[in-house]
Amino acid sequence: MSRSNANWILTAQCPSKLGSVDVVTRFLKEQRCYINEQHSFDDKCAQRFFIRTVFEPQTESFDAAAFRDEFSTRAAEFDMSFELTEPGYKVPVVIMVSKTDHCLNDLLYRHRAGKLAIDIKAVISNHPLLEPIVAWHGLPYHYFPVSAANRAEQEQQIWQVVQETGAELVVLARYMQVMSAEMCQKLSGRAINIHHSLLPGFKGAKPYHQAYDKGVKLVGATAHFINEDLDEGPIISQKVEVVSHADYADDLVDKGRDIERLTLAHAVSCYAERRVFLYENRTVVFSR
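Residues numbered from 1 in each chain as written. Predicted model: local features only at pLDDT ≥ 70, side-chain atom pairs only at ≥ 80, totals over all residues. Heavy atoms only, no water.

**A word on the pattern of salt bridges**
Scanning all chains against the criterion turns up 14 salt bridges. Residue D22 is joined to R26 by a salt bridge in which the shortest nitrogen-to-oxygen separation is 3.0 Å. With a gap of four residues between them, D22 and R26 both fall in helix α1 (residues 20–30), about one helical turn apart. For the salt bridge of D247 with K255, the shortest nitrogen-to-oxygen distance reads 3.2 Å. Assessed through its relative accessible area of 22%, K255 is described here as partly exposed. If you follow the salt bridges from partner to partner, you end up with E37, R52, E273 and R275 in one network. (Salt bridge = Lys/Arg side-chain N within 4 Å of Asp/Glu carboxyl O. Helix = DSSP H or I, 4+ residues; strand = E, 2+ residues; numbered from the N terminus. Buried < 20%, exposed > 50% of the residue type's maximum accessible area, 1.4 Å probe, protein only.)

Structure (structure tokens):
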């Protein structure tokens, strides 16, 4: 038989149990599927097992529906939840942004260059400033201004776009508004935020200028799933860069923005490639 040259991704998690690797690999062998890549992790504290397998069917035809049905029976014995992702699948994404454009520009470029397995459906902002950039990429731009008086209405507009576009993932690319607990619950496990990670921590206006005044030696960024606790959701990716006394406040801003865009792009890439597993308030991330 000729090979299909199509890589499928099987991701699964279950309680720690003897045979959890074997149930995946044995089934793939029986289905004449060649494993190209595999990562697994057993969390001894949570007693939870995670696995990501990239495989290539060795037959001329591959029946995904039959595969799911048959594997469901095997997986049930392990209380295993799983997801099968087809070759070339691009995650439908809605990006949210305010006035700062570095993260948005980076994601738009990577999307246009085919460097991310995502399909950007729309961009939402509480300001009109970045519409020309988005329009140049031929993407819909939704301007939804927000205030204390209309926050609930504005979030309903956002949710409507998410539903109508079929977005699986919402990316907060420097969206500078705190979402309500209700909205966070709706987007639980499917919305990624980015923020600076300065040590020590600085909040409020001009955090990089505050960091300069204190003489910090590290700038960094954290990408995480959102939850009801501001900037405290399950972490997906973190990056840092060393700075010195020779770096002025504007230098810290520039380096911080570079770290933010790289960290966010890495988190989005990991999510799109099914490398991120969410369990309770922690993540398992099988990076490349």
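There's more to say after this.
**Some details on the pairing of strand β3 (residues 48–57)**
β3 sits mainly inside the fold: ten of its ten residues count as buried. Here β3 shows two buried faces, one formed by R48, F50, R52, V54 and E56 and the other by F49, I51, T53, F55 and P57. As defined by bridge partners, strand β1 (residues 8–15) adjoins β3 across eight bridges and the pair is classed as antiparallel. From the neighbouring strand, P15 faces β3, where its bridge partner is R48. Direction of pairing for strand β2 (residues 33–43) relative to β3: antiparallel, over a ladder of ten bridges. (Pairing = 2+ DSSP bridges.)

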